[in-house]
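A look at the structure
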Amino acid sequence: MTHFPEAERKGCTEILQSLDVSDLLSLSDTLSCKNNSGIHPTDAIGMVLNCSQSAEELLKRRKVLRKTIFQYLIKHEVPVLSSLDKQQLIDKALHYWSDQGRKRRIPKIPAVIYTPKPVQKTDLVQKMQQELEVAKRGAIAEIKEQARRTAEQMLQRAKDEARSPPRVALNINMNISQQAQAQPQKEPVENPDGRVFSEQFGQWFFELLNSQNPLFGRPPGDWGPQHFWDDAVLYFSYCTHEERLEEHHGASVVSQRLVSLVKDERLLFNPNLSADGLKCTSSSHGLIALAVAGTVHNGPQCLGLFEQAFGLIRSSVGVCNWKIKFSKLHIKALSNQKSNLLPCVSVQVTMLQQYLNELHASSKFGVL
């Protein structure tokens, strides 16, 4: 090997360890020009490193998949977009390792004044803002009037909260009319106990997620993979000019992708915890499927609507403790036609029941 820096060697080793053994041995055969089918994977990793000219040359190999590099960067909390191609992810990895190398060489200097750089807007935020600007051109007068009413409502809320402790830290106007609030629940077959549970879960989950955003104004909560099952899955779709789909597997990867939305892309989720914004169904086996709708914000600007479904399985550790088995998150840019509508859950109870069946089929424990 041609003198890999320590950080690059360590990073490449971790990436190679995540490869399938067959792919690792095949890569070893290619680089060493001989059959290494009988050697131990650790020896194969050493041979691959020794026969590679550089970290970049190694990562460009076909056996090293784009998905593997992406998951490595997410695991190490390196901000990346899912739309980046393999070469861009390689550049991110090399830059990350270069920074790690500099941190080892440069001694800590006390009393250094650090000025944070301004946060750069990501593609997702920019696209949603562009979509919003297009909608605003046809409804400028309406938006100004809405902003005036919002300011008055927020001022009134501030006065009310000064008299009593606030229940939820994030208090963004969702344009809920009195008529919409008075509407009866449309799904009479829904379990009323599930309504209380879904409200408590929605408030807990989104307050915890939003707390990872510095703009939320609250110390970060105990967010992490401990709230997900090891084989958790996240299905994430967002629609600006076109719809994009992502799929992430594993508690750590799912946790990191969700937190990157609020921590790196500076989004805030404002769930509608009224009857129209929640649906929930459960089974006697400790399984719960629920859905929450709401609005997505970037600072004071409302970017669009979101709907997120959850599949929960009760954990045998602790009392009344559920962990997330899967989540389906959809974000859609706001249009002027829908700017005054209350965010409502579109998922039907029958679909939630189907989610319950899938949870039951995938559970390793049967009756929990």
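Refer to the preceding data block for the structure.
Remember, it's a predicted structure, so these values are computed and weren't measured experimentally. (Residues numbered from 1 in each chain as written. Predicted model: local features only at pLDDT ≥ 70, side-chain atom pairs only at ≥ 80, totals over all residues. Heavy atoms only, no water.)

Further remarks concern the packing of helix H1 (residues 6-17) against helix H5 (residues 66-75). Running from N to C, H1 and H5 point in directions that differ by 120 degrees, and their axes come no closer than 10 Å. Taken together, the axes of H1 and H5 lie oblique to each other. You can see that H1 and H5 cross each other, and the crossing is right-handed. From H1, Gly11, Glu14 and Ile15 reach across to H5, where they touch Thr68, Tyr72 and Lys75. For the contact of H1 with H5, a count of residues per class yields two nonpolar, two polar and two charged. (Axes fitted to C-alpha atoms, helices over the stretch in contact; angles between N-to-C directions. Helix = DSSP H or I, 4+ residues; strand = E, 2+ residues; numbered from the N terminus. Parallel < 35°, antiparallel > 145°, perpendicular 65-115°, else oblique. Left-handed = near helix turned anticlockwise from the far one by under 90°. Contact = heavy atoms within 4.5 Å. Nonpolar A, V, L, I, M, F, W, Y, C, P; charged D, E, K, R; others polar.)

What H5 keeps buried is the set Thr68, Ile69, Phe70, Tyr72, Leu73 and Ile74. Positive phi appears at Glu77, one or two residues downstream of H5, with a value of about 60 degrees. (Buried < 20%, exposed > 50% of the residue type's maximum accessible area, 1.4 Å probe, protein only.)

All chains considered together, the criterion is met by zero disulfides. As a non-bridged cysteine, Cys51 has Cys33 as the owner of its nearest cysteine sulfur, 7.9 Å distant. (Disulfide = S-S within 2.5 Å.)

Okay, the pairing of strand S6 (residues 301-314) next. S6 sits mainly inside the fold: 11 of its 14 residues count as buried. Here strand S5 (residues 287-298) pairs with S6 via 12 bridges, running antiparallel. Bridged to Leu287 within S6 is Ile313. Linking S5 back to S6 in an antiparallel pair, the connection comprises two residues, with Gly299 at a positive phi of about 65 degrees. Relative to strand S7 (residues 322-333), S6 runs antiparallel, the two sharing 11 bridges. Residue pairing across strands places Glu307 opposite His330, the latter belonging to S7. (Pairing = 2+ DSSP bridges.)

As a further point, take the nonpolar core. Of all hydrophobic cores here, the largest spans 37 residues; its most connected members are Phe205, Leu258, Phe269, Leu290, Phe310 and Ile331. Secondary structure elements with two or more residues in this core: helix H7 (123-136), helix H10 (192-210), strand S1 (228-239), helix H11 (251-263), strand S4 (278-282), S5, S6 and S7. Dropping the residues within four chain positions of it, Leu290 is found in contact with Phe197, Ser198, Phe201, Lys279, Cys280, Gln308, Ala309, Phe310, Leu312 and Leu352. Counting 34 residues, the second-largest nonpolar core is a separate cluster that includes Ala7, Ile15, Val48 and Ala93. (Core = buried A, V, L, I, M, F, W, Y, C linked by side-chain atoms within 4.5 Å.)

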